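Coordinates in review
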Amino acid sequence: MIRKNPQPEAEILESRHKGDTLRISSASREGWYKTRTSQGAIGWVRQDEVTPETTKKAYGYGNLDVVERQESKRSTGEWKLFLLKAGAGPFFHMPGDLNSALGRPAYKAHRGQFYFGSFAYSIMRDLALGIRVEHYNAHSRILSYDIETSSTPLLVGAEYTFHRTPRWRFSFQLYGGIGIGHQSTIIAADQPDNPNKATLSGTPTTALLTVNATYRLWSWLGIFGELGGRYSSALATSAVSNEFNGQTPFFMQGSGVRAQFRVSDTGPHAALGIEASF
């Protein structure tokens, strides 16, 4: 097939058959030869779709005999078998019960940053199954309390490509899993000599939905932007330090029972990253 640009997803200008002769440039460009259609339009043909017969150096082109090419998931540029991604960006989360317990509205959002990597296997041209590992952390202040939050979600899910152009690919991602090592540390900053300190730890259930736009730099490498939102929530029990001053909300005073909270990291995020496909 003769395509408009030297890209596997470029517009097809003309289909050629086995045994047809093409006049092409003597040098290939990243696996593509420049040629012309029967109507004289300039186009490109893949190097591995043709077999050289002769080379006419004086004119800078050769005659190539088109051969049949076995299509497969791995060989077609339109269908990459593996996708590797890495990215980072900011996110906003609403701690839920923690906000309420410390005297702030439950919907009050806090800002943090996250990093992630993913690996996906294409089971269809537009559908891939994958795993995704993230790590995020955030520092925030609720009234007089300093809060440090961190978690490492381990997720499994799928990516569906809903639109393609020669350079762009647009997709949805849906992932779900658990947060490993989720922890929130809260310190009463106004009591430096006898801090009211507690650590909330749990294993939250996490769900992630994103929309991605990927721009292809080369056939195997691209950059992408991601917008999405996550739901993450778990019931966590507070573990107080030896210097804990006995005040609520981290300890039920007089009962000897540590307080429990519904820890939540629900909110939107944005990210930029790179994608390798092969």
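Structure: see above.
Summarised in this report is the structure supplied together with it. (Residues numbered from 1 in each chain as written. Predicted model: local features only at pLDDT ≥ 70, side-chain atom pairs only at ≥ 80, totals over all residues. Heavy atoms only, no water.)

1. What about empty space enclosed by the protein?
- The tally for this structure, following the rule as stated, stands at 2 cavities of 30 Å³ or more.
- What lines the second largest cavity is simply His93, Pro95, Leu98, Thr149, Ser184, Val263, Ser264 and Asp265.
- Within the residue set of the lining of the second largest cavity, elements represented by two or more residues are strand S8 (82–96) and strand S18 (260–277).
- In terms of residue count, S18 provides more of the lining of the second largest cavity than any other element does, 3 residues in total.
- Broken down by class, the residue content of the lining of the second largest cavity amounts to 3 nonpolar, 4 polar and 1 charged. (1 Å grid on protein atoms, 1.4 Å probe; cavity = no way out; pocket = protein on both sides within 12 Å on 5 of 7 lines; lining within 4 Å. Points joined across faces, edges and corners; volume = space filled by probe spheres on them. Helix = DSSP H or I, 4+ residues; strand = E, 2+ residues; numbered from the N terminus. Nonpolar A, V, L, I, M, F, W, Y, C, P; charged D, E, K, R; others polar.)

2. Quick word on the packing of aromatic side chains
- This structure, assessed with the given rule, holds 11 aromatic pairs.
- Aromatic pair tryptophan 168 and phenylalanine 170: ring centres 5.9 Å apart, planes at 10°, arrangement stacked.
- Looking at arginine 132, its charged tip hangs above the ring of phenylalanine 116, at a distance of 3.8 Å from the centre.
- Lying over the aromatic face of phenylalanine 114, arginine 230 brings its terminal NZ or CZ to 5.5 Å of the ring centre. (Phe/Tyr/Trp six-rings, centres within 6.5 Å; stacked < 30°, edge-to-face > 60°. Lys NZ or Arg CZ within 6 Å of the ring centre and 35° of its normal.)

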